[in-house]
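Residues per chain, in single letters:
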Amino acid sequence: MSTLDAHASGGHHEEGSYLSGPPGMISRIWQWASTVDHKKIGVMYLVAVLTMFFLGGVAALAVRYELLDPVRTVVTQMEVDGVMTEVVSTTGQRLDPIAKIIGADDANQAYNRLFTLHGAVMVFMFIVPSIPASLGNFFLPIMIGAKDVAFPRLNLLSWYIYVVGSTFGVLSIIMGGVDTGWTFYTPYSTSTDADHIRVVFMVLAAFILGFSSILTGLNFVVTVHKLRAPGMGWFDMPLFIWGLYATSIIQVLATPVIGITLFLLIFERVMHIGIFDPAMGGDPVLYQHFFWFYSHPVVYVMILPGMGIISELLAVHSRKHIFGYRAIAFSSLGIAAVSFLVWGHHIFTAMGELAAILFSGLTFLVAIPTAIKVFNWIATLYKGSIAINTPMLYGLIFLFTFSIGGLTGLPLATLSTDLHLHDSYYVVAHFHYVMMGGTVMAFMGGIHHWWPKMFGKMYNEWGGMLGATIVFIGFNITFFTQFFLGTQGMPRRYANYVDEFQTLHVISTYGSWILLLGFLVHLVTLLHSLIAGEKAPANPWGGLTLEWETESPPIEHNFHHEPVCTHGPYDFDTVVPPHCDPKDYPLPSNPGSH
Amino acid sequence: MMMPVLASTEPGYFQKLIFGGDAASRAGAQSDALFMMIFWFSVFFFVLLMGLMVYFVFKYRRRPGVAATPSPSHNTLLEIFWTVVPSSSMLVFFVLGFQSYAEKMVVPDNSLELRVTAVKWAWDVKYPNGATSPEQQPLSIHVDPDTGVVTKGLDYPIFYVPEDTSVQLKMVSNDVIHSFWIPDFRTKMDVIPNRYTGYGFHTPTLTEDDIMADNETIQRDLWIFCAEYCGDEHSRMAATLRVVPMDVYQQKISDWGKPKSPEIEGEQLYNQMCKACHTIDGTASTGPTWSQATIDGVQFGYGYDAQLTDGTTVPRDDNYYRRSFLDPHAEVVVGYKPLMSDFNGLLDEDQVFALIAYIKTLSDRGRAESSEETENTEEPAPAGSES
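Fair warning: this is a prediction, and the values are worked out from it, not measured in the lab.

### So, the domain arrangement of chain B
Residue and element names in this part refer to chain B.
In step 1: Per the domain assignment, the segments of chain B are domain 1 (13-57 + 75-105), domain 2 (112-257) and domain 3 (262-377).
In step 2: On a C-alpha basis, the centres of domain 2 and domain 3 stand 26 Å from each other.
In step 3: Tallying the contact residues gives 15 residues for domain 2 and ten residues for domain 3.
In step 4: At the level of elements, strand S1 (112-119) and strand S2 (122-126) are the ones that each hand at least two residues to the side of domain 2 that touches domain 3.

Written out as structure tokens, the structure is:
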């Protein structure tokens, strides 16, 4: 791939960077608020999802804090006015002060609201939109050589819908929060806090956020189909684009189902029409089928873009053609297809035997394309020229944590072992290894990889690697312990537990503090980069995809002239990276064949 | 019904580390063995992959001016190989998982059937003779020998089952979805409001390890947890399953099945069903306290008026309590939420009467009324009424 014009960065001055704008605060804000530029929208999404990540993270820390010790009743014999009296007090309810603030009756209720807040915010407001809406929005058009997404205005609308949806979520939290769990299982969710509107608000938030997700997905599908640069066939696309494409298809097909389901839930709560509540003639398990018909595919909405990022990071920073390009691309589509057939594995304990057996078999199918991807990534490193920097470190961390996440899924797909592990901390650990160890690690890697391109500033590499190392350690301490909690019998969503689980809970809580420290190091490093970072070159990593051909940060219309695709995204042994000194990225003397 | 056990039944070091101990049933041991098989499979591939990754990162680390060595970016044979190996392994796990699932679900026809009813937030287990267990124990008691300070966990009910017996659970919920998990049997099933669910297990045979400190009792306690989130007191919806010799079990259920005075039966019902939300020591909780007490200036107890959320005031008399059990959301006391499970259909007339009789013993006005009745009918005072 190379642009037709030979302008090096800085060669063209009549069109400024997308970050430059009119003077004056108000016109600057208006310029951002009314922009249809996918890059600005991507940055706005990035700020929004990271804010939600912070909010969900605080709730997680509070939840872990409550779990430092079980609730105990202490009876002390005391002499009061010459009479021996029993004084009873309770210890271990650490969220009592927070309960007062959020209007909950006690620590138990506060805990239930906080874990719901953590789940709902992290799933609906952070992890689903995280990579596609921020990095995807910013880089999908540039990486296929387009000026923008196919429907720029629709793109801005998606962002506003996201903000409106999140506002409903935050409103519900300010009004005291909900205690349904992020899954809103009926009939609990249709009966709890019956005199309050906040449950409706939280469900409405998820409903509205769904529209944002559908519109973004639609936009991406059309963009990939219609706006690829001349010369770029389907198999010349970077794998990040394949990941986003597969994701978008799931978003468009699955999200309407959750929309309808949540709408029915609101119907039942507000108008008392019996759909899920048996007291009104409904079926509670029906809700679970509807919910997981969306929420299982959406797990792949969360992970596929992350897998796409990992393919980019590993290839660029080891200067190797990705191993098995087509296998990775097709496994993304394969995962997307199979993901629609496996929802039942979330409800093995609430369905008939025959259905459970069928879903168990289908679930194993997902493991195969996922395993293939991991093999391909490791094979990519073979005989590479592997740089150790923050993005690569996150790539390696991903391989470590995601492999654990994937392998620990096997006993959950296996019917008999799942009966024990279902709804236990084992599931919590597995889910976090896949979602946090997978998606969040990939997201962090992607942010560092593309940071110089997005903001035109380099970050401190040592700061980045220090943060990544601390996050890695904290993550494993927090969540590895939870596998053992689960196998030994600790149920999830418990504010209180029996004594034998305390040691593991304490270790896990300490881990969460280390994790916090790691993210703070990242925050400081990235803020420092924005304020005092070195100016980034156009192509700091020697990448071959199109985003590295334009300036850092990119100009408003991405490219001075429409780029033409002349080489594959990973042809590191035949192409000198644009804007790079060939001495830094030498070509092999006898280029191999692909 | 014999099923082939996958591996040696003697658990290894890692199995003990992971599960904290042996499974208490054969089906559980079988599923643990399957778990360990998947575990070692996973460890093998994880170590292989991570070993390769670390080796590559070290061996092929970037050196200035040195290019990556070209190597093929595709190898059909290798790719077919690493597709077939996981696929066939998955097939094996699926089949073994299915077999072991059958072992957990299927129970012999002549099993002991226990009826489990879940309410927010308690388990009710009914034995074939209609009895229920009145027993409970605090979780862990620790008395400091120097200060005399007693530290104990919350109280949980105890359900008894005989050793070496096939047990079948027939479960239904009275309100939201719960899940009945016995970790030592490695199995659970959701308890759903509109249909029966259930599973079976074969209780273990007691051994010398199960002899208690008093050298007389032989029993084994297993945890029961609610595994499906069900609201405020979800984490307190636990119980103990106590495995005892058959004669002890039969003695227990026949004792429990004998008729009792209403006050005693009411107290038992309170401990089984009501305790999670209502106190009898006058302290605040999820629901109003049952005893005669003043909390923040508000009077509670039988015979005293209740302020309702709709602004009206009603006297706490027999019919007030009856309505509160059978249609709890019709009258809600100020400061409380309509959270209570509807006990209509779950409590029969005798039980409603027993609960009210017990509540009366907790208030001076209730006691006064009972003794009047007693005088009028010239019956002996029921036990507990004058305490």
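### Focus on the interface of chain A and chain B
In step 1: Across the boundary between the two partners, chain A contributes 92 residues, which contact 78 residues of chain B.
In step 2: Ranked by residue count, the leading element in the side of chain A that touches chain B is helix H11 (residues 353-381) of chain A, at 13 residues.
In step 3: Tallied by class, the residues present in the side of chain A that touches chain B amount to 50 nonpolar, 30 polar and twelve charged.

### What about the sheet that holds strand S7 (residues 166-173) of chain B?
Residue and element names in this part refer to chain B.
In step 1: Strand order in the open sheet made by the four strands is S2-S1-S7-S10, with mixed pairing throughout. Edge positions in the open sheet fall to S2 and strand S10 (200-202), since each of these has one partner strand only. The mean inter-strand angle of the sheet, taken between neighbouring strand axes irrespective of direction, is 25°.

### What to know about helix H9 (residues 284-318) of chain A
One turn of the α-helix equals 3.6 residues, which is why residues spaced by three or four share an orientation.
All names here are of chain A.
In step 1: Relative to the 51 Å expected for 35 residues at 1.5 Å per residue, H9 spans 51 Å between its end C-alpha atoms, a close match to the ideal helical length.
In step 2: Of all the bends in H9, the greatest measures close to 30° and is centred on Trp 292.
In step 3: Of all 35 residues in H9, 32 are buried, a share of seventy percent or more.
In step 4: Two residues or fewer after H9 comes Arg 319, characterised by a positive phi angle close to 50°.

### Re the packing of helix H10 (residues 325-338) of chain A against H11 of chain A
Residue and element names in this part refer to chain A.
In step 1: Viewed as axis vectors pointing N to C, H10 and H11 meet at an angle of 160°, and their least axial separation amounts to 9 Å. Our classification of the angle between H10 and H11 gives roughly antiparallel. Seen from above, H10 lies across H11 with left-handed handedness. Between H10 and H11, the contacting residues are Ala 327, Ile 328, Ser 331, Gly 334, Ile 335 and Val 338 on the first element and Leu 365, Val 366, Pro 369, Thr 370, Ile 372, Lys 373 and Asn 376 on the second.

### Let's talk about the confidence of the model for chain B
Residues and elements named next belong to chain B.
In step 1: Mean pLDDT for chain B: 86, with 92% of residues reaching 70 or above.
In step 2: Ranking the elements of chain B by mean pLDDT puts helix H8 (residues 364-377) last, at 68, and strand S8 (residues 178-182) first, at 96.
In step 3: When the criterion is pLDDT under 50, residues 1-8 qualifies, and its contacts beyond four places in sequence or with other chains add up to 14 contacts.
In step 4: pLDDT under 50 marks residues 377-387. Its contacts with residues more than four places away, or in other chains, come to 18 contacts.

### Observations concerning unusual backbone geometry
Most peptide bonds adopt trans geometry, and most residues besides glycine take a negative phi value.
All names here are of chain A.
In step 1: Look at the link from Thr 186 to Pro 187: it is a cis peptide, with omega at -5°.
In step 2: The topology assignment puts Pro 187 in the loop between helix H5 (152-174) and helix H6 (188-191).
In step 3: Pro 553 follows Ser 552 through a cis peptide bond whose omega is -10°.
In step 4: Positionally, Pro 553 belongs in the segment after helix H17 (502-532).
In step 5: Although it is not a glycine, Lys 383 adopts a positive phi angle of roughly 60°.

Rules behind the numbers
- Residues numbered from 1 in each chain as written.
- Chains lettered and ligands numbered in written order.
- Predicted model: local features only at pLDDT ≥ 70, side-chain atom pairs only at ≥ 80, totals over all residues.
- Domains from an automatic or database assignment.
- Contact = placed C-beta atoms within 7 Å.
- Helix = DSSP H or I, 4+ residues; strand = E, 2+ residues; numbered from the N terminus.
- Nonpolar A, V, L, I, M, F, W, Y, C, P; charged D, E, K, R; others polar.
- Pairing = 2+ DSSP bridges.
- Axes fitted to C-alpha atoms, helices over the stretch in contact; angles between N-to-C directions.
- Expected span 1.5 Å × (residues − 1).
- Bend = angle between axes of the 7 residues up to and from the residue.
- Buried ≥ 20, exposed ≤ 12 C-beta atoms within 10 Å, placed from the backbone.
- Parallel < 35°, antiparallel > 145°, perpendicular 65-115°, else oblique.
- Left-handed = near helix turned anticlockwise from the far one by under 90°.
- pLDDT = per-residue confidence, 0-100.

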